[in-house]
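Below are the chains, spelled out letter by letter.
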Amino acid sequence: MSSRAWPRLFRTTAFKLTAIFLAVFTVFAAFLIGYIARNTSDILKSQMADAVDAELQSIELQYDRGGAAWLVRVVELRSAQPGASLYFVTDPAGDRIAGNVETVPASILNESVDAPKIVSYTSRDEKGSQPHSALVRVFEFPDGVRVLVGRDVSEREALVGLVRRSLMLTAALMVALGLIAWTFVSRRVLKRIDSIAETSNRFVAGDLSGRLEVTGTGDEFDRLAESLNAMLTRIERLMLGLKQVSDNIAHDLKTPLTRMRNRVERALTTGHSEPDYREALHATIDEADQLIRTFNALLLIARAEAGSPDTEFDTFDAADVARDVVDLYEPVAEEAGVALRFEECAPVMAHAHRELVSQALANLVDNAVKYAGEGSGTPEVVIGVSEKDGAVEFRVADNGAGIAEADRGRVTERFVRLEESRSKPGAGLGLSLVSAVAQLHGGELQLCDNAPGLAAILRLPGAAQQGAA
Amino acid sequence: MRILVIEDDRETASYLVKAMGEAGHVADSAFDGEEGLERAKAEDYDVLVIDRMLPKRDGLSVISELRGAGNRTPVLILSALGQVDDRVTGLRAGGDDYLPKPYAFSELLARVEVLGRRSAPKEAETVYRVADLELDRLARKVKRGGEPIMLQPREFRLLEYLMKNAGTVVTRTMLLEKVWDYHFDPQTNVIDVHMSRLRAKIDKGFERPLLHTVRGSGYVMREDV
């Protein structure tokens, strides 16, 4: 780990989270252990108190049987046994006459305590040593002899010590584990974030092909990487689109502009009469109109590709839209000697930008009518609408010459026109727009072989799928 | 027709004023939103031509202000924003028609003239007549010289729109918008084919044609001059 990485490690979310969890668990563990210790200690204390009470009662019995002398003998006997209770017997003057306890605070003997009390005492066996603590009760007999019975509480203190030690051990263990977890998490997480940052920086610097690593574990980072990758792909496509537009403008708009300029120039230098000028001006206006049309189409494609808010989307009958377009093109087809046919069908609901879909369909029909005549049979264009797997499918099929399979991918690019002679009118933007419209809706444009001819299939999400679009 | 042009580009504005004058109208101009609003409120115009992007006060807010004050003068919005969604916004703000830049003057003039005619109570008429051509909007029947003519539903709507605006030039784009409700430009000139079909039905075999093509603009329905 580099020296620079350390302070950064402390600023990480992983560190903060680890610290918070550590604190929470420490408090929790302390509470738990403390609670258990306290209860255990209380139980022990009450057991001791019971033992002391029982002992005192038996001492009283002995006293009743044989008086003070007998009591002293019994006490001496019991004191000698291993694990004995504590005994301290005094005469009415307060002087010690029997017992295994050397000294006790004098005050305790002067008050006859009913409840057990904790006092410090020194044992007879180990004179001069530290005083111990004991739980005691004192009883005064009618003749002034007093007896103190007690139990040493060192057992309880040992328990308290045990609890303290285990608490400290647990805390230390938790800190250690927390540190390990934190280092592991933050290093692992930081590494992946670093890789994301690095890829984004490379992307910003202009390497549009860079993508984030997906480890395949399906964790949050993978999901993040996947969505970011989808975003990067979209950005790349938009950037390429933009570049393509500017390239196209350079190529395909400059040419007609040059032509227009030449025409005006020639009219100025060689025109002699008003009709000459008029003719040149009319041609110029026509050319300008064509340019505007091309320009509008380019803008529309760019806009459709960039995506439009779905607020402009409607739910409508796709068959209706197709019927209207067929109605619009029917006279044109008839004039061109093409049989234009709409396959009637039940309503198929679509959720889309109605205007753009109409325009896309018009472009497909326009193309089909234009190229149907190039085939060998009687030119025919059939338009159908159907619902397939919840998607709406517009099918425009002609029986013309079709498009060679190798060219099908290319024709949707801007300004691509397959016939080199460019004998038919058009700017080569029709299919680009259809493809852009399909993309805008999350659908697709498919060009298939109609054997003979071309079948263009525009697939859009149906009304039921509007949420997914 | 009295027309107010609110357009910040002075050259465009003066060109429009001059060209409208040549077309037989009286046009004034204003160069920013505030001035335009003042004049539109103070004087009685037949049509307002308002650029969408104006200094001081933008075109859409001028329109909302006028509509809020109860002024119902027809408005044609001019805009560099020509997408479908922009047009919808413009019309929602209270505009009556929307023309994206760059436009042909003939297109602008045709639209202004159609808007200006709105004041005439054509909407209420149930039968339109041009010379001996008669269109009954309720019975959906067309007769010329007393002879019934059979029209497809779309042809009927086309003729209905042309006759409603008889005497005024209507452009191909206007026909597409009003009759088909399409706001895009079909690559092939489909309108011309529809018009020649319609012409074959209503003019063929009659001495005086009623449906005329205006070069560079569109079509007009009128008795021959």
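Residues numbered from 1 in each chain as written. Chains lettered and ligands numbered in written order. Predicted model: local features only at pLDDT ≥ 70, side-chain atom pairs only at ≥ 80, totals over all residues. Heavy atoms only, no water.

### Some words on the interface of chain A and chain B
- Taken together, the contact pairs 28 residues of chain A with 22 residues of chain B.
- Each partner contributes to the roughly 2500 Å² buried at the junction of chain A and chain B, and carbon and sulfur atoms together form 50% of this total.
- Considering only the surface of chain A that becomes buried against chain B, Arg-303, Leu-328 and Glu-355 of chain A emerge as the three largest contributors, covering 25% of it.
- The interface formed by chain A and chain B contains 4 salt bridges.
- For Asp-324 of chain A, the salt bridge is made with Arg-154 of chain B, and the minimal N-O distance between the two is 3.3 Å.
- Connecting chain A to chain B are 8 residue pairs in polar contact (both at pLDDT 80 or more).
- Contributions of two or more residues to the side of chain A that touches chain B are made by helix 6 (274-306), helix 7 (318-335) and helix 8 (354-372) of chain A.
- Looking at the side of chain A that touches chain B element by element, the count peaks at 11 residues for helix 7 of chain A.
- Its residues assigned to classes, the side of chain A that touches chain B comprises 10 nonpolar, 7 polar and 11 charged. (Contact = heavy atoms within 4.5 Å. Buried area = accessible area lost by both parts, 1.4 Å probe. Salt bridge = Lys/Arg side-chain N within 4 Å of Asp/Glu carboxyl O. Polar contact = N/O pair within 3.5 Å; in protein donor to acceptor, adjacent residues only side chain to side chain. Helix = DSSP H or I, 4+ residues; strand = E, 2+ residues; numbered from the N terminus. Nonpolar A, V, L, I, M, F, W, Y, C, P; charged D, E, K, R; others polar.)

### A short note on the environment of Asp-314 of chain A
Residues and elements named next belong to chain A.
- Mapped onto the elements of the fold, Asp-314 is located in strand 7 (residues 314-317).
- For the pair Asp-314 and His-353, spaced 39 residues apart in the sequence, the C-alpha separation amounts to 6.1 Å.
- Ignoring sequence-local partners within four residues, the contact set of Asp-314 consists of Ala-350, His-351, Ala-352 and Arg-354.

### What about the pattern of salt bridges?
- What the rule picks out here adds up to 42 salt bridges over all chains.
- Between Asp-207 of chain A and Arg-202 of chain A there is a salt bridge, with its nearest N and O atoms 3.6 Å apart.
- Judged by relative accessible area, Asp-207 of chain A falls into the partly exposed class, the value being 31%.
- With relative accessibility at 38%, the residue Arg-202 of chain A sits in the partly exposed group.
- Note that Lys-101 of chain B is salt-bridged to Glu-7 of chain B, the shortest N-O span being 3.4 Å. In this pair, Lys-101 of chain B sits in the loop between strand 5 (97-100) and helix 5 (105-116) while Glu-7 of chain B sits in the loop between strand 1 (2-6) and helix 1 (10-22), placing the two residues 94 residues apart along the sequence. (Buried < 20%, exposed > 50% of the residue type's maximum accessible area, 1.4 Å probe, protein only.)

### Quick look at the confidence of the model for chain A
- Residues of chain A with pLDDT of at least 70 account for 88%, and the chain-wide mean is 79.
- Across residues 420-425 of chain A the pLDDT falls below 50, and counting only partners more than four positions away or on other chains, this stretch makes 10 contacts in the model. (pLDDT = per-residue confidence, 0-100.)

### Points about the sheet that holds strand 11 (residues 211-214) of chain B
All names here are of chain B.
- Read from one edge of the open sheet, 3 strands run 10-12-11, paired in antiparallel fashion. Two strands bound the open sheet, and with one partner strand each, they are strand 10 (169-171) and strand 11. Adjacent strand axes in the sheet meet at a mean angle of 35° when their direction is disregarded.
- Bridge analysis of strand 11 against strand 12 (residues 218-221) gives 4 bridges, and the strand direction is antiparallel. Opposite His-212, over in strand 12, you have Val-220 as the bridge partner.
- Sitting on the sheet, helix 7 (residues 172-180) touches strand 10, strand 11 and strand 12, and the angle it makes with strand 10 is about 75°. (Pairing = 2+ DSSP bridges. Axes fitted to C-alpha atoms, helices over the stretch in contact; angles between N-to-C directions.)

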